[in-house]
Amino acid sequence: MRSTSRAFKDNAHRALDNPVLQQALGIMKTGFLDKRLQAIEGLPEFDALRDAAREIKNHTLANLDWYLERYETKVKE
């Protein structure tokens, strides 16, 4: 894999000037939000699932040392 960080500015300018990419980003901008809302509306338990996921994430981060030690143990087994 080759790093492109040195050419970042040039790559960014090319991307900004690319009409196909700009059109795709424009479609994605509105399409993504519309599709996300449709998905949420089709999932009545969305808020509960989002809250549960947040609790799992926060618990995991608060206990990351324990989880990493368990992972290390399992990898060594």
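Preceding this section is the structure that the text describes.
In short, a report on the structure. (Residues numbered from 1 in each chain as written. Predicted model: local features only at pLDDT ≥ 70, side-chain atom pairs only at ≥ 80, totals over all residues. Heavy atoms only, no water.)

As for the overall build of the chain
When you go through the chain residue by residue, the secondary structure sums to four helices and zero strands. Relative to the compact-globule value of 11 Å for 77 residues, the chain shows a C-alpha radius of gyration of 21 Å, a clear excess of over 25%. A principal-axis box enclosing the C-alpha atoms of the chain has dimensions of 50 × 40 × 20 Å. Residue burial in the chain is summarised as follows: out of 77 residues, 1% are buried. (Helix = DSSP H or I, 4+ residues; strand = E, 2+ residues; numbered from the N terminus. Rg over C-alpha atoms; globule rule 2.2 N^0.38 Å. Buried < 20%, exposed > 50% of the residue type's maximum accessible area, 1.4 Å probe, protein only.)

Some thoughts on a nonpolar patch on the surface
A cluster of nonpolar side chains, contributed by L21, L25, M28, F32 and L33, occupies part of the molecular surface with about 470 Å² of accessible area. Mapped onto the fold, M28 is located in helix α2 (residues 19-41). (Patch = residues over 30% accessible without salt bridge, like charges linked within 9 Å, V, L, I, M, F, W, Y side chains within 5 Å. Areas by Shrake-Rupley, 256 points an atom, 1.4 Å probe, with all protein chains shown as cover. Salt bridge = Lys/Arg side-chain N within 4 Å of Asp/Glu carboxyl O.)

Concerning the environment of Q38
Topologically, Q38 is positioned in helix α2. For the pair Q38 and N18, spaced 20 residues apart in sequence, the C-alpha separation works out to 30 Å.

Side note on the pattern of salt bridges
Applying the stated criterion across every chain, the model contains four salt bridges. With a closest N to O distance of 3.0 Å, D47 and R50 form a salt bridge. Of this pair, D47 and R50 both sit in helix α3 (residues 46-62), three residues apart, which is roughly one turn of that helix. With a shortest N-O distance of 3.8 Å, E77 and K74 are connected by a salt bridge. With relative accessibility at 48%, the residue K74 sits in the partly exposed group.

Observations concerning the environment of A24
With respect to the element layout, A24 can be found in helix α2. A relative accessible area of 42% means that A24 is categorised as partly exposed. For the pair A24 and D34, spaced ten residues apart in sequence, the C-alpha to C-alpha distance is 15 Å.

Taken by themselves, the reported measurements are silent on function.
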